[in-house]
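Given next are the chains, with one letter for each unit.
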Amino acid sequence: MANPENMDNNKNTNEKNTNKDVISNLPDHILHEFLVRMPLRNAVRTSVLSREWRDKWKYIQELVLNNDSGFFYRYHDHQLRIYQLLFNHRAQIRNFSLTVPPFMRLSTIDLLILCLSRNHLVCDFTLAPYMMDNYIMPSHFYAFRKLAVVRLSRCTLISPPQFQGFRTLVKIEFQEVQFLPGAFERFISRCPCLESLYLSSKTINMDSLEVAGPSLRIFACHGFVKSIHFKSCPVLAQVTLCTPCYCRQNMVLRSTVASSYQRLLQFTSAGDAPNQFPCLKVLDLSMNLNSTKEFTDAYSFIRHSPNLETLIFRLWQRGWDANVLEMIQEQETPNPYLNQLKKIELHCYSGTFHQTALLKYLLASATGLEYMVIVPASNYKPSVDLRVQTMEYPWASPAARLIVRPPHTQ
């Protein structure tokens, strides 16, 4: 029979354990993770929980100010709330992200960047103006000393003459960011540690783009550029060059701005070196199969990438060019330039004569292929099942696996 005295002691012990504040006794770095993952408004509200929690939010090193943070909920108090936030915050801000709400004054953004550049060692900076004309980044932005990651949207960069570059910058994401002529090249050249560069633009057409970076490994351009010149990119491992959908519907613009991969390859190094992209592993290209120039340029790009493993074609086609079909059919199979490929993806596949010829050529050429991925266009309605039809073609790699993904919805 249980002792009533022991039962009372166990009951008291359980009540003490229940009343114990387990969360407050967690290590500071775990509490920091809790607060960082909360919307900023909720993180600030934890200050009313107890005396111990009063100042904890002031030491988080990541500030995210956007619509989900709950920080901006009235149009007239943006500047006051930012002043209060910066005045009360005590720790060094390492990561900062601001999605500019409607009607925020430009002077408020300028003041915020000034404060961050002077009083904090920001490593990760994100700025996205909301439905605003291109915001001109103030000169204080170029004073960040430890910047490693920068994401900008709908901004204009005009670097001051004394700007020496971001020596620690490793990643750039620019969407609708404008530069003065020649300024982009100077900006990139002063970031010697840059490893990843992402450019996206729906409104800006650039005649030429020069990309130079001894540490650059990843380059992606979603936009409209006449020519891209890769200069001194010895470790470049992944390249994405995609044409936006709106350009595909504008035949005049498309015809005047053709791709020029081959022309840019001629300037990457002296002479006609066959292995100008020795580290390139992934190549993602938007290609018009009705353009002889685009097909030859894409083939030249592949030919200069001896270690390429993944090839992605985002196909589209307008009109008819029999020359392209003849060029595909006349290519050597198996092709030594495609033997190293392990994965091939064909997106927006619609089963045209050109696309079918390209599919047969790739299957018959890639002896080391492991995966063939086909993503049909949304309007593609084949009379014969695509898997059955593809398996009937000659395959240079008997061990390769066919994967047909759901069609594109665009």
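About the criteria used
- Residues numbered from 1 in each chain as written.
- Predicted model: local features only at pLDDT ≥ 70, side-chain atom pairs only at ≥ 80, totals over all residues.
- Heavy atoms only, no water.
- Helix = DSSP H or I, 4+ residues; strand = E, 2+ residues; numbered from the N terminus.
- Buried < 20%, exposed > 50% of the residue type's maximum accessible area, 1.4 Å probe, protein only.
- Contact = heavy atoms within 4.5 Å.
- Areas by Shrake-Rupley, 256 points an atom, 1.4 Å probe, with all protein chains shown as cover.
- Polar contact = N/O pair within 3.5 Å; in protein donor to acceptor, adjacent residues only side chain to side chain.
- Axes fitted to C-alpha atoms, helices over the stretch in contact; angles between N-to-C directions.
- Parallel < 35°, antiparallel > 145°, perpendicular 65-115°, else oblique.
- Nonpolar A, V, L, I, M, F, W, Y, C, P; charged D, E, K, R; others polar.
- Pairing = 2+ DSSP bridges.
- Disulfide = S-S within 2.5 Å.
- Expected span 1.5 Å × (residues − 1).
- Right-handed = clockwise from strand over helix to strand, strands pointing away.
- Salt bridge = Lys/Arg side-chain N within 4 Å of Asp/Glu carboxyl O.

*Asks:* Explain the overall build of the protein to me, please; I cannot follow it from the model alone.
*Replies:* Each helix and strand counted, the protein has 13 helices and 16 strands in total. Within the protein, buried positions represent 46% of all 410 residues. A separation of at least 24 residues holds for 64% of the contacts in the protein among residues at least 6 apart in sequence. Counting every atom, the protein has about 21400 Å² of accessible surface; 52% of that belongs to carbon and sulfur.

*Asks:* What's the story with the side chain of S365 in this structure? I'm lost.
*Replies:* Mapped onto the fold, S365 is located in helix 12 (residues 353-365). Of the polar contacts made by the side chain of S365, one reaches the backbone oxygen of Y361; its length is 2.6 Å. Residues within four places of S365 in sequence aside, it is in contact with E332, T333, P334, N335, L338, N339 and A396.

*Asks:* Looking at this structure, I do not really get the packing of helix 10 (residues 292-303) against helix 11 (residues 322-329). What am I missing?
*Replies:* The relative placement of two packed helices comes down to the angle between their axes together with the axis-to-axis distance. Packing of helix 10 against helix 11 brings their axes to within 9 Å, and their N-to-C directions diverge by 30°. As judged from the angle between their axes, helix 10 and helix 11 are roughly parallel. Two secondary-structure elements touch here, helix 10 through T292, F295 and T296 and helix 11 through N323, V324, M327 and I328. Classifying every residue of the contact of helix 10 with helix 11 by side-chain character gives four nonpolar, three polar and no charged.

*Asks:* Any chance you could explain the sheet that holds strand 4 (residues 135-136) here in plain terms?
*Replies:* Whenever strands of a sheet pair, they do so through backbone hydrogen bonds, lying parallel or antiparallel. Strand order in the open sheet formed by three strands is 4-6-8, and the pairing between neighbours is parallel. For this open sheet the edge positions go to strand 4 and strand 8 (178-179), each flanked by a neighbour on one side alone.

*Asks:* Which parts of the structure should I look at to understand the state of the cysteines?
*Replies:* Such a bond, covalent and formed between the sulfur atoms of two cysteines, is termed a disulfide. Within the structure shown, the criterion is met by zero disulfides. The cysteine C193 is free of any disulfide, with C191 supplying the nearest cysteine sulfur at 9.1 Å. Using a relative accessible area of 33% as the deciding quantity, one classes C193 as partly exposed.

*Asks:* What's the story with helix 12 in this structure? I'm lost.
*Replies:* In an α-helix, one turn spans 3.6 residues, which is why side chains three or four residues apart end up on the same side. In a regular helix each residue adds 1.5 Å, so 13 residues correspond to 18 Å; helix 12 covers 18 Å between its end C-alpha atoms and thus fits that length. Counted residue by residue, helix 12 has ten buried out of 13 residues, so it is predominantly covered. For helix 12, the full list of buried residues reads H354, Q355, T356, A357, L358, L359, Y361, L362, L363 and S365.

*Asks:* What's the story with the pairing of strand 14 (residues 343-349) in this structure? I'm lost.
*Replies:* In summary, the side chains of a regular strand alternate between the two faces of the sheet. With five of its seven residues buried, strand 14 lies for the most part within the structure. Bridge count for strand 13 (residues 310-316) against strand 14 is five bridges, and the pairing is parallel. Directly across from F313, in strand 14, lies its bridge partner L346. The pairing of strand 14 with strand 15 (residues 371-376) spans six bridges and is parallel. What sits directly across from L346, in strand 15, is I374. Crossover connection from strand 14 via helix 12 to parallel strand 15: handedness right-handed.

*Asks:* Just checking my understanding: could you explain the pattern of salt bridges for this structure?
*Replies:* Here the idea is simple: oppositely charged side chains can pair when their charged atoms come close. By the definition in use, this model includes six salt bridges. In this structure, D284 and R314 form a salt bridge, with 2.9 Å as the shortest nitrogen-oxygen distance. Here R314 lies in strand 13 and D284 lies in strand 12 (residues 282-288), a separation of 30 residues in the sequence. R314 sits in the partly exposed class, given a relative accessible area of 24%. Between K343 and E345 there is a salt bridge, and its shortest N-O distance comes to 3.2 Å. Here the salt bridges do not stand alone but share partners, grouping D124, R151, K171 and E173 into one network.

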